[in-house]
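Observations on the model geometry
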Amino acid sequence: MLRRVVDTRLGWRDVVDLVRRPSPILECPGDPLARLGVLADELADGVGPIHFIGLSRYLDDARAVVTHSIDDTTRYVCTCLDTLDAYDIKATVFISTGAPEMGRLWPRLRKAVADGHELGAHSRRHRCTARESLLFCIAALSRYEVHGARRDILAHTQQPYVWTWAYPCGNCADRKFAQRMIALAGCVAARAYPGERGDAHLVPDLQTYDPNPFAARYTQVVQKGYHTEDGVRISGRTDVKALNAKFDEVYAAQGIYSFVSHPQMLDYGPDTFYERHLAHIGGRNDIWYVPMGPLYAYHMLCRHTSVVALKANDAQARFAVFSRLDSRVYRNSVTLEFHATRQPRVTAGGKQLAERTTSMLNRWDGEYVRRAEQRLWLTIRPNTVVEFR
């Protein structure tokens, strides 16, 4: 029987990647206003009945965020996804695309993408070590592992881009060259898994965006304990009261609740710790339920989106909303807050926007408007002209 041989040698492109700095993440050259057809003499001072206040920290000015990630390629991934769908909670599924289980998992993962989940790269072979070294990290972050896993996801699913990476076993996440490798591969964020042998993985307690998105921490794990391959016992976190209390703390602070689970380390059923926790955090109309990649892409897009007032012409007000970031990667909508003394009809790119209902907020690329007294939140994709009529 023929055996496939994998070339893991370090190539010259890998060496270059170790020393050069990553360029800005996929910006489009040229003048974004010119691409919209906006001329300099159309700009205005913004004085009028409608005033732009700013971009919302979260989509549709949600009070808080829930983002979940599940790791590893096992048969339990399907059960976990079915469970998450029952509670309408979206997750990033970090998969190792060279694992034997993948042949059976691809159909379920394609459905997950269609349902609003995200697939993130977790390498091809999930190489781990208890004694991390520079040479190990160079091999573990080769083009075969990083770029190859991303190519596999794009080839087997309809997901248009791969935004995220998770370091297998947390190895190499603190190394700057490793973070550069992930950035150069085109990811917008990479999730760490810190210090499992010292229980540092249990509650990293991040409650907002990580200032270093290429070694991003999370709030807590929700899973049972386990043994490493060399027999070390690793603690879990299954006390429902403690799990729910940590979420309540983040929710009260209007933060980002990010939790991590390994599907093979969970119990399933309405009376289990996992589903009792999902029931506690799910079903809230003031929370944005979003995978990790779209969440960090939203944060980046907000930082690089500009809004300028245009001459109103025959409308109450007009604004150009634009970004230099590549819309093929940053496919998100952003939310703009306005003060409006009237309740105008709103169009974006000539299309009238619908009013958002009070249903759960679990998508990240929709376009709509929401109103409350004299405040108005407009959720749209950038690079458009907005009119209030």
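You'll find the structure just up there.
Residues numbered from 1 in each chain as written. Predicted model: local features only at pLDDT ≥ 70, side-chain atom pairs only at ≥ 80, totals over all residues. Heavy atoms only, no water.

As a packed pair, helix 3 (residues 76-87) and helix 9 (residues 273-281) sit with axes 10 Å apart at the nearest point and diverge in direction by 30°. In terms of orientation, helix 3 lies roughly parallel with respect to helix 9. Considering the relative orientation of helix 3 and helix 9, their crossing is right-handed. Here Cys80, Thr83, Leu84 and Tyr87 of helix 3 lie close against helix 9, whose contacting residues are Tyr274, Glu275, Leu278 and Ala279. Split into classes, the residues belonging to the contact of helix 3 with helix 9 amount to six nonpolar, one polar and one charged. (Axes fitted to C-alpha atoms, helices over the stretch in contact; angles between N-to-C directions. Helix = DSSP H or I, 4+ residues; strand = E, 2+ residues; numbered from the N terminus. Parallel < 35°, antiparallel > 145°, perpendicular 65-115°, else oblique. Left-handed = near helix turned anticlockwise from the far one by under 90°. Contact = heavy atoms within 4.5 Å. Nonpolar A, V, L, I, M, F, W, Y, C, P; charged D, E, K, R; others polar.)

Moving on, we come to the side chain of Glu196. As for its position among the elements, Glu196 is in the loop between strand 6 (189-191) and strand 7 (220-221). Although Glu196 is buried, it forms no salt bridge, and the closest oppositely charged side chain is Arg197 at an N-O distance of 5.0 Å. Apart from residues no more than four positions distant in its own chain, Glu196 is found in contact with His201, Tyr226, Thr228 and Ile234. (Buried < 20%, exposed > 50% of the residue type's maximum accessible area, 1.4 Å probe, protein only. Lys, Arg positive; Asp, Glu negative; His and termini not counted. Salt bridge = Lys/Arg side-chain N within 4 Å of Asp/Glu carboxyl O.)

So, on to helix 8 (residues 240-252). In an α-helix, one turn spans 3.6 residues; hence positions three or four apart end up facing the same way. For helix 8, with 13 residues, the first-to-last C-alpha span of 18 Å sits near the 18 Å given by 1.5 Å per residue. Looking at the buried positions of helix 8, the neighbouring elements they touch are strand 2 (64-71), strand 7, strand 10 (256-261), helix 9 and strand 11 (287-289). Among the residues of helix 8, the N-terminal cap falls to Asp239, whose side-chain oxygen and the backbone nitrogen of Lys241 are separated by 3.0 Å. Once helix 8 finishes, Gln254 follows within two positions and takes phi at roughly 60°, a positive value. (Expected span 1.5 Å × (residues − 1). Polar contact = N/O pair within 3.5 Å; in protein donor to acceptor, adjacent residues only side chain to side chain.)

Before going further, it helps to examine the pairing of strand 13 (residues 317-323). Along strand 13, seven of the seven residues are buried, which leaves the element largely enclosed by surrounding structure. Residues Ala317, Phe319, Val321 and Ser323 of strand 13 are buried on one face, and the alternating residues Arg318, Ala320 and Phe322, pointing to the opposite face, are buried as well. Direction of pairing for strand 12 (residues 305-310) relative to strand 13: antiparallel, over a ladder of six bridges. Among the inter-strand pairings, Val308 is bridged to a residue of strand 13, identified as Ala320. Hairpin connection, strand 12 to strand 13: the antiparallel pair is bridged by six residues, and Asn313 has positive phi, about 55°. Examined bridge by bridge, strand 13 and strand 19 (residues 384-388) share five bridges and lie antiparallel to one another. The residue of strand 19 that forms the bridge with Phe319 is Val386. (Pairing = 2+ DSSP bridges.)

Glancing now at the sheet that holds strand 15 (residues 346-348). Within the open sheet, the five strands sit side by side as 12-13-19-15-16. Their pairing is antiparallel. Across the chains shown, the open sheet's two edge strands, defined by having one partner strand only, are strand 12 and strand 16 (351-352).

All right, on to the environment of Pro263 then. Tracing the backbone shows Pro263 in the loop between strand 10 and helix 9. A sequence separation of 179 residues divides Pro263 from Leu84, and the C-alpha atoms of the two residues are 11 Å apart. Ignoring any residue separated from it by four or fewer positions in sequence, one finds Pro263 in contact with Ile70, Asp71, Tyr76, Val77, Cys80 and Tyr268.

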